[in-house]
Amino acid sequence: MQNLQMVDLKRQYLKIKPEVDAAIQNVLDTTAFINGKDVQQFGTELASYLGVKHVIPCANGTDALQIALMALGLQPGDEVITASYTYIATVEVVALLRLKPVFVDVDADTFTMNIDSVKKAITSKTKAIIPVHLYGQSANMEPLLALAKEHNIPVIEDNAQAIGGTYTFSDGKTVKTGSMGIIGCTSFFPSKNLGCYGDGGAMFTNDDALAEKLKMIANHGQKVRYYHEMVGCNSRLDSIQAAVLRIKLRKLDEYCSARNAAADYYDNAFKNHPNIRTPYRAPYSYHAFHQYTLQLSNVNRDMVSEKLAERKVPNMIYYPVPCHKQNMLKDFGGADFHLPVTDMLQDCVISLPIHTELSEEELSYITKNFIEVVDQLSK
Ligand SMILES: *Cc1c(COP(=O)(O)O)cnc(C)c1O
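Residues numbered from 1 in each chain as written. Predicted model: local features only at pLDDT ≥ 70, side-chain atom pairs only at ≥ 80, totals over all residues. Heavy atoms only, no water.

Chemist: Account for the domain arrangement of the protein, naming residues and giving values.
Modeler: Taken domain by domain, the protein holds domain 1 (9–104 + 111–249) and domain 2 (252–378). Once you take the C-alpha centre of each, domain 1 and domain 2 turn out to be 25 Å apart. Taken together, the 42 residues of domain 1 in the interface contact 37 residues of domain 2. Summed over both sides, the interface of domain 1 with domain 2 buries roughly 3600 Å², with 59% coming from carbon and sulfur. At the junction of domain 1 and domain 2, the tally comes to 2 salt bridges. The partner of Lys15 in a salt bridge is Glu357, and the shortest N-O contact between them spans 2.6 Å. Within the residue set of the side of domain 1 that touches domain 2, elements represented by two or more residues are α1 (9–30), α4 (89–96), β3 (100–104), β6 (166–168) and α8 (239–270). In terms of residues, the side of domain 1 that touches domain 2 owes the most to one element, β3, which gives 5 residues. The residue inventory of the side of domain 1 that touches domain 2, partitioned by class, reads 21 nonpolar, 14 polar and 7 charged. (Domains from an automatic or database assignment. Contact = heavy atoms within 4.5 Å. Buried area = accessible area lost by both parts, 1.4 Å probe. Salt bridge = Lys/Arg side-chain N within 4 Å of Asp/Glu carboxyl O. Helix = DSSP H or I, 4+ residues; strand = E, 2+ residues; numbered from the N terminus. Nonpolar A, V, L, I, M, F, W, Y, C, P; charged D, E, K, R; others polar.)

Chemist: Account for the sheet that holds β3, naming residues and giving values.
Modeler: Neighbouring strands of a sheet are bound in pairs by backbone hydrogen bonds; such pairs are parallel or else antiparallel. Taken in spatial order, the 3 strands line up as β3-β2-β4 in an open sheet, and their pairing is parallel. Since the sheet does not close on itself, it has two edges, and those belong to β3 and β4 (126–130), each with one partner. Adjacent strand axes in the sheet meet at a mean angle of 30° when their direction is disregarded. Across 4 bridges, the pairing between strand β2 (residues 79–83) and β4 is parallel. Within β4, the position partnered with Ile81 by the bridge is Ile129. (Pairing = 2+ DSSP bridges. Axes fitted to C-alpha atoms, helices over the stretch in contact; angles between N-to-C directions.)

Chemist: Go over the packing of aromatic side chains with me, naming the residues and quoting the values.
Modeler: Scanning all chains against the criterion turns up 14 aromatic pairs. Here the aromatic residues Tyr266, Phe270, Phe289, Tyr292 and Phe370 are joined through ring pairs into a cluster of three or more. (Phe/Tyr/Trp six-rings, centres within 6.5 Å; stacked < 30°, edge-to-face > 60°.)

Chemist: Provide a residue-level description of the environment of Ala160, including the pertinent values.
Modeler: One can find Ala160 in the loop between β5 (156–158) and β6. Counting along the chain gives 100 residues from Ala160 to Asn60, while the straight-line C-alpha distance between them is 9.8 Å. Once residues lying within four places of it in the same chain are set aside, the contact partners of Ala160 are Cys185, Thr186, Ser187 and Lys192.

Chemist: Which residues make up the pattern of salt bridges, and what values do they have?
Modeler: Under the criterion given, the structure shown has 18 salt bridges. Note that Arg250 is salt-bridged to Glu19, the shortest N-O span being 3.9 Å. Pair noted here: Arg250 is in helix α8 and Glu19 is in helix α1, with a separation of 231 residues, a long-range link. Close ionic contact of Lys368 with Glu372 constitutes a salt bridge, the shortest N to O distance being 3.5 Å. Separated by 4 residues within a single helix, Lys368 and Glu372 lie in helix α11 (residues 360–377), roughly one turn from each other.

Chemist: Can you break down the sheet that holds β5 residue by residue, with the values?
Modeler: Taken in spatial order, the 4 strands make up an open sheet running β1-β9-β8-β5, and their pairing is mixed. What marks the edges here is a single partner per strand, and that holds for β1 (54–58) and β5. Strand-to-strand twist of the sheet, defined as the mean angle between neighbouring strand axes without regard to direction, takes the value 20°. Strand direction decides the pairing type here: strand β8 (residues 183–187) and strand β9 (residues 201–205), joined by 4 bridges, are antiparallel.

Chemist: Please set out the nonpolar core residue by residue, giving values where relevant.
Modeler: Counting residues in hydrophobic clusters, the biggest one holds 38 residues, and the most contacted among them are Val304 and Phe370. For this core, the secondary-structure elements that each account for two or more residues are α8, β14 (292–296), α9 (301–310), α10 (340–348), β15 (349–352) and α11. In terms of residue count, α11 provides more of this core than any other element does, 6 residues in total. Of the domains in this structure, domain 1 (9–104 + 111–249) and domain 2 (252–378) are the two that each give at least three residues to this core. When sequence neighbours within four positions are dropped, the list of residues in contact with Val304 reads Leu296, Val299, Ile350, Phe370, Val373, Val374 and Leu377. By size, the runner-up hydrophobic cluster in this structure holds 25 residues, among which are Ala64, Ala68, Leu99 and Ile156. (Core = buried A, V, L, I, M, F, W, Y, C linked by side-chain atoms within 4.5 Å. Buried < 20%, exposed > 50% of the residue type's maximum accessible area, 1.4 Å probe, protein only.)

Now the structure itself:
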């Protein structure tokens, strides 16, 4: 089996090449590289897809999270509750703004925030909660939103891995992930479910005043050019990226289905294996399967990873060191947090290739080799 990849962007591109090439050429012809018509149109189209009032595009997902926190007007020392079991960006922006990250544990089945941990972590200084819809599955938002409302704490969703996913409330209402908090943030990094061909990101909100503020902060704190009301930053989605995203947005549901089909194949292949735990699919969520992440038992995970690589089966450890143990956060008291589930996951998770182009032949090769390697190394 040749050239398997975690994410195969080349084959995906070849399927949409004529449309993408024409859209990029169109931007080149208009030379409206920044703030071109595609940027506005993409914002409108994404808002309609997500069912939100406003989409504010920006330069990347990390900026989206940073600008969201800035827009809430938090002060240094304010506490922000988030999971340690996430990509560093979620937490880095909290530290960058001199806010205090307060880490909570995750559930071992969903990999998302544990509600009881959040309950215990809330203090009078808690000024925001950032749930992460990790690997493409929504955090359990209904109890989280109720808890946040009770304490009057804004919720910012880190939707970078779950765009295309949904959450269903107990009354049966189904909404897109990223549309439930006061602000939702996402990334259009190429390998994300809705990825562009460079960097990109966006914020979503239904709040008119907040939308205005997010837009201003992303644009040097100005509404009227050269009149700067507040300290902001420079964070723009460029027109070429927007043109690509407009095409890929139309395919997003199809892309999520293809990811789900690959996940179904894996689930079925691994379902009776005693040492392999397949990802749990919460009944309240349509999983967007940004990653397909297994938990291994009675086997050395790092050796499995190594042996797979030798057999040319790509695999990744998301994430080998949780945020609270990163050197970056030692001055923020990261090491003081006791997060047993997070610690356990760090040593047993392994992610297999998942993308929109996986063939049955490839899936069969990956699963066969994975099972062989796990069996060989099992204690
Ligand atoms: C990718 C990602 C980000 C950051 O997005 P960038 O566009 O790379 O800045 C933030 N949070 C999570 C959970 C991510 O996966």
